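Working through the structure, step by step
The chain contents come next:
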Amino acid sequence: MLEPRSIEKVQLDGLKLNRDDQGYYLSAQYTIEDRGTIKEVCFPKIRLKIGEDRLHIEYTYNSCRVDMGCGSWLVEPNIIGVYYTEKVIGEKIYEMTLSEIEKKLGYKVKIVSE
């Protein structure tokens, strides 16, 4: 068993993001030297508390932080100074009756033509 006080050198050899029916997790592999031995240590499933329902972006003119449910992380800009990109990939279509539209708007609507 690894004892934190005995670790002399740590090298991260592999890190992979995975997903299963319970969400996202990391698989990590390290090489660790401690007290005269070299060990390969694998963590096959490090559960992450991130997901589609946990996104918060804090953006100012010179910084960007993103919180995916596991704390706020600093986002570094790319080579041209862009912190993140976005593109429209579809339109959200609402199916509503005339009475639902009127209720949403708060007043009566008269449809004249398409």
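Rules of the game
Going along each chain's sequence as written, the residues are numbered from 1 onward. Reporting in this predicted model follows two pLDDT cut-offs: at least 70 for local features of residues, and 80 or more for side-chain atom pairs to be given and counted; totals over whole chains, interfaces and linings ignore these cut-offs and use all residues. Excluded from the side-chain calculations are hydrogens and water; all other atoms, namely the structure's heavy atoms, are used. To qualify as a helix, a DSSP run of H or I must reach at least 4 residues; to qualify as a strand, a run of E must reach at least 2; elements of each kind are numbered from the N terminus. Throughout, the radius of gyration refers to the C-alpha atoms, and the reference size of a globule is 2.2 Å times the residue count to the power 0.38. Type-normalised accessible area, obtained with a 1.4 Å probe on protein chains alone, sets the label of each residue: buried when under 20%, exposed when over 50%, and partly exposed for intermediate values. Contact criterion: two residues are considered in contact whenever any of their non-hydrogen atoms come within 4.5 Å of each other. Note on areas: Shrake-Rupley, 1.4 Å probe, and residue coverage restricted to the protein chains presented here. His is not counted, nor are the chain ends, whereas Lys and Arg count as positive and Asp and Glu as negative. For the purpose of locating charges, the reference atoms are NZ of Lys, CZ of Arg, CG of Asp and CD of Glu. Pairing between strands is defined by DSSP: at least two bridges between them are needed. Orientation is described by lines fitted to C-alpha atoms, with helices fitted over the stretch in contact, and by angles between N-to-C directions that extend from 0 to 180 degrees. Under the rule applied, a polar contact is a pair of N or O atoms within 3.5 Å (in protein, one hydrogen donor and one hydrogen acceptor; residues adjacent in sequence only if both atoms are side-chain atoms).

Some remarks on the overall build of the protein
A tally of regular secondary structure across the protein gives 1 helix and 6 strands. In sequence order, the protein lays out its α and β elements as β-β-β-β-β-β-α. For a compact globule of 114 residues, the expected C-alpha radius of gyration is about 13 Å, and the protein comes in at 25 Å, more than 25% above that figure. Principal axes of the C-alpha set define a box for the protein whose edges measure 85 × 35 × 20 Å. Sorting the 114 residues of the protein into buried and exposed places 14% on the buried side. In the protein, once contacts between residues fewer than 6 apart in sequence are set aside, the share between residues at least 24 apart is 23%. When the accessible surface of the protein is summed, it comes to about 10,400 Å², and 54% of that surface belongs to carbon and sulfur atoms. Side chains of the protein give 17 positive and 19 negative charges; the mean places of these two sets differ by 4 Å.

Regarding the sheet that holds strand 3 (residues 37-47)
In spatial order, the strands read 1-2-3; together these 3 strands make up an open sheet with antiparallel pairing. The open sheet has two edge strands, strand 1 (7-20) and strand 3, and neither has a second partner. Neighbour-to-neighbour, the strand axes of this sheet turn through a mean angle of 15°, independent of strand direction. Bridging between strand 2 (residues 23-34) and strand 3 involves 9 bridges; their strand directions are antiparallel. The partner of Gln29 across the bridge, within strand 3, is Cys42.

A short note on the side chain of Asp34
Structurally, Asp34 is set in strand 2. Of note is the side chain of Asp34, whose polar atom sits 3.4 Å from the side chain of Lys39.

A look at the sheet that holds strand 4 (residues 56-60)
The strand order across the open sheet formed by 3 strands is 4-5-6, and the pairing between neighbours is antiparallel. One side of each edge strand has no neighbouring strand; the edge strands of this open sheet are strand 4 and strand 6 (72-74). Strand-to-strand twist in this sheet, taken as the mean axis angle between neighbours without regard to direction, amounts to 20°. Examined bridge by bridge, strand 5 (residues 63-67) and strand 6 share 3 bridges and lie antiparallel to one another. Note on strand 6: the bridge partner recorded for Val66 is Trp73.

With respect to the environment of Ser72
Topologically, Ser72 is positioned in strand 6. Taking the C-alpha atoms as reference points, Ser72 and His56, separated by 16 residues in sequence, lie 8.7 Å from one another. Filtering out sequence-adjacent residues up to four positions away, Ser72 remains in contact with Glu58, Arg65, Val66 and Asp67. Polar contacts involving the side chain of Ser72 include one to the side chain of Arg65, which spans 2.9 Å.

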